Amino acid sequence: MEIIVKKPTDLEKSEMSALPVWECGVSKFDWFYDSEETCLLTHGEVTVTYDGGRVSFGAGDMVVFPKGLSCVWDVSKPVRKHYIFK
C-alpha cells in the first residue's frame with residue numbers, strides 16, 4: 001500500500017474546496033482507512049507512519065490514502081483539510 005502525495009492542479013483545488021472540512025490540533029493517533037480518502041490540506045503539517053514507510057505532507061498538498069491502510073498520524077502543526085471518501 002502506498003500513500004500518494006502530490007501538488008494539485010487548479011481544477012483539483014477548485015473541486016476539493018467544495019468538499020467537507022476536517023480540522024485537528026497538534027496530536028498523535030492511530031488511524032485505519034476502511035475507504036480510500038483523497039484530501040487537500042489548506043493548513044498544517046503531518047507525518048504519517050505505516051508499514052510501507054513514512055511520509056510527510058503539509059498545506060497545499062493533495063494526499064490519497066488507500067483503502068485498508070493502518071497508520072499513525074503525527075500532527076505537528078494544526079491541520080485543516082477538505083476530504084472525500086470513495
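That block above? That's the structure.
Reading the values: the criteria
- Residue positions are counted from 1 within each chain, in the order its sequence is given.
- The model is predicted, so local features are restricted to residues of pLDDT at least 70 and side-chain atom pairs to those at 80 or more, both for listing and for counting; the totals for chains, interfaces and linings are taken over all residues.
- By convention in this description, side-chain values take in all heavy atoms of the structure and omit both hydrogens and water.
- Secondary structure elements follow DSSP: runs of H or I of four or more residues count as helices, runs of E of two or more count as strands, with numbering from the N terminus.
- Under the scheme applied here, a residue whose accessible area is under 20% of the maximum for its type counts as buried, over 50% as exposed, and between as partly exposed, the area being computed with a 1.4 Å probe on protein chains only.
- Any pair of residues with heavy atoms lying within 4.5 Å of one another is described as a contacting pair.
- For the purpose of counting charges, residues Lys and Arg are taken to be positive, whereas Asp and Glu are taken to be negative. His and the chain ends are not included.
- Note that the charge is assigned to NZ on lysines, CZ on arginines, CG on aspartates and CD on glutamates.
- Any two cysteine sulfur atoms lying within 2.5 Å of each other are counted as a disulfide.

Another aspect to go through is the overall build of the protein chain. Check the secondary structure of the protein chain and you find 1 helix and 7 strands. Tracing the protein chain from N to C terminus, the helices and strands come up as β-α-β-β-β-β-β-β. Dimensions of the protein chain along its principal axes, counting C-alpha atoms only, are 30 × 25 × 20 Å. Taking all 86 residues of the protein chain together, the buried fraction comes to 37%. Put simply, of all contacts in the protein chain between residues at least 6 apart along the chain, 78% involve residues at least 24 apart. Across the protein chain, 10 positive and 13 negative side-chain charges occur, with their mean positions spaced 3 Å apart.

Evaluated as defined, the whole model comprises 0 disulfides. This cysteine, Cys24, is not joined by any disulfide, and Cys39 carries the nearest cysteine sulfur, 12 Å off. Exposure remark for Cys24: the relative accessible area of 15% places this residue in the buried category. In this model Cys71 remains outside any disulfide bridge; the closest cysteine sulfur is found in Cys39, 11 Å from its own. Given a relative accessible area of 6%, Cys71 falls into the buried group.

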